[in-house]
Amino acid sequence: MPGIPENGCGDILMQTKVLPPFRLVNPEMFATFVMVSFQKSPTNISNDMTKNLILAAAMLLAGGAVAAQPKVIAHRGYWTAPESAQNSIASFTKADAVGVFGSEIDVWLTADDKLIVNHDRIYKGTDVNMEKATAKEITAIVLPNGENIPTLEDYLTQAAKSDKTKLICEIKRHSSAANNQRAADAVVAAVKAAGLTDRVEYIAFDLATCKRIAAALPDAMVQYLNGDIAPAALRADGIRGIDYTFSTISVRPDWIREAHDNGMVVNTWTVNAEQDMMSCIALGMDFITTNYPQTLKELLTKTFVAPN
Ligand code: MG
């Protein structure tokens with residue numbers, strides 16, 4: 001391969017300028033590279049698990065799958081940026097500013113049937129329960145960056161000002177099936193009312209929630225989070241993707257293949273270490289959800305090449 005500097009970085013060498021951004025367009029070549037790399041310096045990858053993952057990816061790719069560059073999703077928005085906070089409006093605008101595929105949020109239905117954006121059921125340091133309190137009580141809470149907890153409506157208004165970043169909307173698991181259903185219906189209605197059906201994707205741990213959104217919005221991207229169902233079974237329910245933890249999906253290259261064979265996408269969370277990000281790339285994940293979207297974006301500008 002031309003233009004490779006002799007900097008001896010080991011069996012995976014990161015290079016930024018000589019070659020165009022990494023894109024696995026030739027799976028057989030990649031598989032060969034990985035095999036050769038392992039033979040040349042088998043101990044240079046410090047983590048045995050990573051080594052196994054990349055080897056598994058090589059075999060997967062050698063089998064004919066083509067992995068494109070994964071897309072970046074900011075987990076709870078880009079909250080690790082300065083002056084940001086998890087699930088704040090700023091975390092969306094900062095994710096939008098760095099240019100990610102999507103910015104993820106967590107949505108609850110309040111006691112008075114409003115939708116608010118927050119991760120935990122009980123806000124830390126308070127006794128305010130997202131499902132039992134009113135929207136007025138919840139939105140009075142001030143986030144670490146000085147914003148108040150936003151409503152979904154606030155978030156959709158902000159998203160409408162951008163034309164690119166998707167809102168990855170997690171509908172939280174509520175305390176009853178009835179509340180899950182009401183939350184799903186309310187989210188769908190809010191997104192439709194905002195005219196943003198093409199800008200919102202949906203994730204949920206609750207299978208019934210995923211099915212309900214898929215039925216209401218057959219063209220929408222709905223991904224299941226709970227990590228316990230094979231992709232093909234989900235596809236039969238109209239669910240178009242899996243969004244499983246890195247520890248779950250990184251040891252199941254067969255599920256990655258099964259998802260792709262069924263026209264589904266594979267998302268994974270929450271991938272924060274560069275070594276794990278590299279494993280996701282090698283495994284052919286379609287989306288990587290991370291607290292460090294800028295780090296992942298920079299990693300994706302680099303190129304995996306074989307050493308001399
Ligand atoms: Mg979430």
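Note that the structure is a prediction, hence the values are computed from the model and not measured.

J.: What am I meant to see in the overall build of the protein chain here?
T.: Scanning the protein chain for helices and strands turns up 12 helices and 11 strands. Here the protein chain, with 308 residues, has 52% of them falling under the buried criterion. In the protein chain, once contacts between residues fewer than 6 apart in sequence are set aside, the share between residues at least 24 apart is 59%. Accessible surface for the protein chain amounts to roughly 13,400 Å². Of this, 52% is attributable to carbon and sulfur atoms.

J.: What is the right way to read the packing of aromatic side chains from this model?
T.: The geometry of an aromatic ring pair is captured by two quantities: the separation of the ring centres and the angle between the planes. Per the stated rule, a full pass over the model turns up 5 aromatic pairs. With centroids separated by 6.2 Å and ring planes inclined at 75°, the aromatic side chains of Tyr224 and Tyr244 adopt a geometry described as edge-to-face. Taken together, the residues span a long stretch of sequence, with Tyr224 in strand β7 (residues 222-224) and Tyr244 in strand β8 (residues 241-245) at a distance of 20 residues. Of the two residues, Tyr224 and Tyr244, both sit in the buried class.

J.: What is the right way to look at helix α12 (residues 293-300) in this model?
T.: Residues lying three or four places apart along an α-helix face the same way, a consequence of the helix completing one turn every 3.6 residues. Those residues of α12 not exposed but buried are Pro293, Leu296, Leu299 and Leu300. One face of α12 carries all of its buried residues, which in axial projection span an arc of 120°.

J.: Would you take a moment to explain the coordination of the magnesium ion for this structure?
T.: As a benchmark, a tetrahedral metal site with four donors has ideal angles of 109.5 degrees, while an octahedral site with six donors has ideal angles of 90 or 180 degrees. Ligation of the magnesium ion by protein atoms is provided by Glu104 (OE), Asp106 (OD) and Glu170 (OE), these donors lying 2.0 to 2.1 Å from the ion. Sequence spacing of the donor residues for the magnesium ion, all on one chain, is E-x1-D-x63-E. By relative accessible area, Glu104 is classed as buried at 3%. Of the residues examined, Asp106 reaches a relative accessible area of 0% and is grouped as buried.

J.: Honestly, the pattern of salt bridges in this entry has me stumped. Any pointers?
T.: Pairing is possible between side chains of opposite charge, provided their charged atoms come close. Under the counting rule described, the total for this entry stands at 9 salt bridges. One salt bridge in this structure joins Glu131 and Arg121, with 2.4 Å as the shortest N-O distance. Taken together, the positions of Glu131 in the loop between β4 (115-117) and α4 (135-139) and Arg121 in the loop between β4 and α4 put the pair 10 residues apart, joining distant regions of the chain. Glu131 gets classed as buried once you look at its relative accessible area, which sits at 9%.

J.: How do you make sense of the packing of helix α6 (residues 177-194) against helix α7 (residues 207-216) when you look at a structure like this?
T.: How two helices pack is summed up by the angle between their axes together with the distance between the axes. The N-to-C vectors of α6 and α7 enclose an angle of 35°; their axes lie 9 Å apart at closest approach. Crossing hand, α6 versus α7: right-handed. Contacts from Asn180, Gln181, Ala184, Asp185, Val188 and Lys192 of α6 reach α7 at Thr209, Arg212, Ile213 and Ala216.

J.: What's the story with the nonpolar core in this structure? I'm lost.
T.: Soluble, globular proteins show a tendency: their nonpolar side chains are buried together. Grouped together as the largest cluster of nonpolar side chains are 59 residues, with contacts concentrated most on Leu152, Val187 and Tyr202. Apart from residues no more than four positions distant in its own chain, Leu152 is found in contact with Ile105, Val107, Leu115, Ile116, Val117, Val187 and Ala190. If you look at the next biggest cluster of nonpolar residues, it comprises 12 residues, including Trp108, Tyr123, Val128 and Ile149.

J.: Help me understand the side chain of Glu147, please; the structure alone is not making it clear to me.
T.: Mapped onto the elements, Glu147 comes out in the loop between α4 and α5 (152-160). Lacking a salt bridge, the buried Glu147 has Lys94 as its closest oppositely charged neighbour, with an N-O distance of 8.3 Å. Of the polar contacts made by the side chain of Glu147, one reaches the backbone nitrogen of Ala90; its length is 2.8 Å. Within the structure, Glu147 has its side chain in polar contact with the side chain of Asn145 (distance 3.1 Å).

J.: Help me out: how do you make sense of the pairing of strand β5 (residues 166-171) in this one?
T.: As a general feature of sheets, a regular strand has side chains that alternate between the two faces. Of all the 6 residues making up β5, 5 are buried; the element is thus mostly covered by neighbouring parts of the structure. Where strand β3 (residues 102-109) meets β5, 6 bridges bridge the pair, whose relative direction is parallel. Each residue of the ladder has a partner; that of Glu104, found in β5, is Ile168. Summarising the sheet, β5 and strand β6 (residues 200-204) pair through 4 bridges and their orientation is parallel. Considered in β6, the bridge of Glu170 is made with Ile203.

Calculation rules
Residues numbered from 1 in each chain as written. Predicted model: local features only at pLDDT ≥ 70, side-chain atom pairs only at ≥ 80, totals over all residues. Heavy atoms only, no water. Helix = DSSP H or I, 4+ residues; strand = E, 2+ residues; numbered from the N terminus. Buried < 20%, exposed > 50% of the residue type's maximum accessible area, 1.4 Å probe, protein only. Contact = heavy atoms within 4.5 Å. Areas by Shrake-Rupley, 256 points an atom, 1.4 Å probe, with all protein chains shown as cover. Phe/Tyr/Trp six-rings, centres within 6.5 Å; stacked < 30°, edge-to-face > 60°. Arc of directions from axis to C-beta. Donors = N, O, S within 2.8 Å, 3.2 Å for Na, K, Ca; no water. Salt bridge = Lys/Arg side-chain N within 4 Å of Asp/Glu carboxyl O. Axes fitted to C-alpha atoms, helices over the stretch in contact; angles between N-to-C directions. Left-handed = near helix turned anticlockwise from the far one by under 90°. Core = buried A, V, L, I, M, F, W, Y, C linked by side-chain atoms within 4.5 Å. Lys, Arg positive; Asp, Glu negative; His and termini not counted. Polar contact = N/O pair within 3.5 Å; in protein donor to acceptor, adjacent residues only side chain to side chain. Pairing = 2+ DSSP bridges.

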